[in-house]
Amino acid sequence: MFYQLLQQVARASNVNPNALTRENVVFIRNYSRLTEMKQYHHVIIPDGSVYEFEEKQYGAPVGQGKDVAVIKIEVKNAPVLLLGNSDAMKLQDHVTVLGYPGAADTFNSGILDSKSTLEASITDGKISAQKKSASGAPVLQVSAPATHGNSGGPVMPDKMEVAGLLTFGGDRVNDQEISGFAFVVPSSTVLEFVKAAGVANELGTADRAYREGLELYWAENYSGAIPKFEEVKRLFPEHSEVNGLAQDSQQKISEGKDKSGMPTSWIIAGVLVSLFIIVAIMVIAVVVFLLMRRRGKAQSKSHSGTDRSPAPMGGAARGSAFKPEPHRPTPSPSYSAPPAASGPASPPFAPRAGIGGPDRSATADLSRTVAIVPEGDTAPINHGSIKFVSGLLAGQKFDITPDGSCIGRDSTLSEIVITDPRISKRHVWIGVKDGRVIITDQNSRNGTFVNDPKSQRVTETPLRQGDTVILGESDVARFEYQK
């Protein structure tokens, strides 16, 4: 404050501040005193609105690991970031940092507009260390670039839940600040103060509408996104993004880029259902055709078994049944009948031997029948899958096979590889045994646990739907069993 006073006195006297002598500085110091000090507690949000705030809870100063403050402003439906689980963060997890570093406030030089100071800077990096403060409180170290002004800014993993707040930077080396060594108060510590202040950390109506609008915007359903953005605007007029998103959506509609209407997922589902119905109709038609064909052949056999053969002309034995030849229409005059063959007329059906014996003519000819065999269930049995929820393979999914797969560090010994020194070369096997999905620890160095890393190590145990398998005492990686 005294340095600023010197600047003001020099300018008021039309003197270059750098030209002030030692005597000038001593004189000003001797004849000046602090008469009043007023504190300004202000929160400035990105649209430039200013709010006075009230302190609800605050922690220890920098260096003691609990540099947290909970403040309150009079506003409704403001955007919310959810606090995540900092205890689940691992080394080399990716993080994004938001803040207002003074180094980005170059509007003082006249290069940038003064409103630029209201726009957050976004950097990213990884969790580079997990340390503790002198008081024993946990502290995270990140490699994301950050500097003065970033303090209090949220640090978020890819799930975009707050893992902690930036608090201080690393020590100077040769009187130079070194970028990439910033420290974070974890969300587990922040939650202590949030709970003490009686605050509920949850999304509000404006947040839900904004997220729905973004989903529609990213799906290029601009007609559906605009009403959502307008709803956010009504709930929180100071929102910094919805005006631009609504205008951009309107521009996309005028350019013919709107893809509103039935969602793509519904279209795909409709096509699949239609294909299923078509296939079902075709299968039913084939089955009906084969059944009718079989019935027709059976009837043909039955009719052919009735003895309709007339007795041979001139040679029939007495007492044999005789059926007169059916009446044939007289051919037209233009028709010339072929000359009749010499000898007795041939009967319409050839006579069969054994005319007085048992009639076996109706017996089905098995060589000509068509067997309708129901299709067997040849689909493979689904034993479910595993999905990694943390560690190097987070988000990856693997199907469970009857022969099983081994999870480990060595690619020559394991099918699912996690290149972490805390994982054994062959850590755990997962597969099917006696019809159940089981895991078997392969004598790993750091052990395998189910659902609770503080539980006893697992040697061999069946898995149930939703079970979480934890690799290593230090919780190197986790995967869930999904049926």
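Before reading further, recall that the structure is shown in the block above.
The sections below set out a description of the structure shown in this document. (Residues numbered from 1 in each chain as written. Predicted model: local features only at pLDDT ≥ 70, side-chain atom pairs only at ≥ 80, totals over all residues. Heavy atoms only, no water.)

Secondary structure summary: the protein chain contains seven helices and 20 strands in total. Here the protein chain holds 483 residues, and the buried ones make up 26% of them. Working note: accessible area of the protein chain is about 33,000 Å², and carbon and sulfur atoms make up 55% of it. (Helix = DSSP H or I, 4+ residues; strand = E, 2+ residues; numbered from the N terminus. Buried < 20%, exposed > 50% of the residue type's maximum accessible area, 1.4 Å probe, protein only. Areas by Shrake-Rupley, 256 points an atom, 1.4 Å probe, with all protein chains shown as cover.)

Looking now at the packing of aromatic side chains. With the rule as written, the count across this model stands at six aromatic pairs. Every member of this aromatic cluster is reached through a ring pair, and the members are Tyr210, Tyr217, Tyr222 and Phe229. (Phe/Tyr/Trp six-rings, centres within 6.5 Å; stacked < 30°, edge-to-face > 60°.)

A few words now on the side chain of Asp420. Within the secondary structure layout, Asp420 lies in the loop between strand E14 (416-417) and strand E15 (428-433). Only 2.9 Å separates the side chain of Asp420 from the backbone nitrogen of Arg422, close enough to count as a polar contact. What Asp420 contacts, discounting residues up to four positions off in sequence, is Leu392, Arg409 and Val476. (Polar contact = N/O pair within 3.5 Å; in protein donor to acceptor, adjacent residues only side chain to side chain. Contact = heavy atoms within 4.5 Å.)

Let us look at the sheet that holds strand E13 (residues 405-408). Read from one edge of the open sheet, five strands run E14-E13-E15-E16-E18, paired in mixed fashion. Strands with a single pairing partner mark the edges of an open sheet, and in this sheet they are E14 and strand E18 (460-462). Bridging between E13 and E15 involves three bridges; their strand directions are antiparallel. Following the sheet pairing, Ser405 is matched in E15 by Ile430. (Pairing = 2+ DSSP bridges.)

A complete count under the given rule lists 11 salt bridges for this structure. The residue Lys433 makes a salt bridge to Glu460 at a minimum N-O spacing of 3.3 Å. Linking Lys433 in strand E15 with Glu460 in strand E18, this pair joins segments that are 27 residues apart in sequence. Looking at Lys433, the relative accessible area reads 41%, which means it is partly exposed. Note that Arg478 is salt-bridged to Asp475, the shortest N-O span being 2.8 Å. (Salt bridge = Lys/Arg side-chain N within 4 Å of Asp/Glu carboxyl O.)

Spatial strand order, E12-E11-E20-E19-E17: five strands in an open sheet with antiparallel pairing. In this open sheet, the two edge strands, each paired with only one partner strand, are strand E12 (397-399) and strand E17 (448-450). Mean inter-strand twist for the sheet, computed between neighbouring axes without regard to direction, equals 25°. Summarising the sheet, E17 and strand E19 (residues 468-471) pair through three bridges and their orientation is antiparallel. Looking at the pairing, Val450 lines up with Val469 of E19. (Axes fitted to C-alpha atoms, helices over the stretch in contact; angles between N-to-C directions.)

Here we come to a nonpolar patch on the surface. Where nonpolar side chains cluster on the molecular surface, the patch consists of Ile267, Ile268, Val271, Leu272, Leu275, Ile278 and Met282 and spans about 670 Å² of accessible area. As for its position among the elements, Leu275 is in helix H7 (residues 264-304). (Patch = residues over 30% accessible without salt bridge, like charges linked within 9 Å, V, L, I, M, F, W, Y side chains within 5 Å.)

Tracing the sequence through the fold places Arg478 in strand E20 (residues 477-482). In sequence terms Arg478 and Val450 are 28 residues apart; their C-alpha atoms lie 9.4 Å from each other. Not counting residues within four places of it along the chain, the set of residues in contact with Arg478 comprises Lys387, Phe388, Val389, Ser390, Pro453, Thr468, Val469 and Ile470. One polar contact links Arg478 to Asp475, side chain to side chain, over a distance of 2.8 Å.

Turning our attention to the layout of surface pockets. There is about 1,300 Å³ of room inside the second largest pocket. Lining the second largest pocket are 42 residues, with Ala88, Met89, Lys90, Asp93 and Ser390 sitting closest to its centre. Looking at the lining of the second largest pocket, the elements with two or more residues in it are strand E6 (121-132), strand E7 (138-142), strand E11 (385-390) and E20. (1 Å grid on protein atoms, 1.4 Å probe; cavity = no way out; pocket = protein on both sides within 12 Å on 5 of 7 lines; lining within 4 Å. Points joined across faces, edges and corners; volume = space filled by probe spheres on them.)

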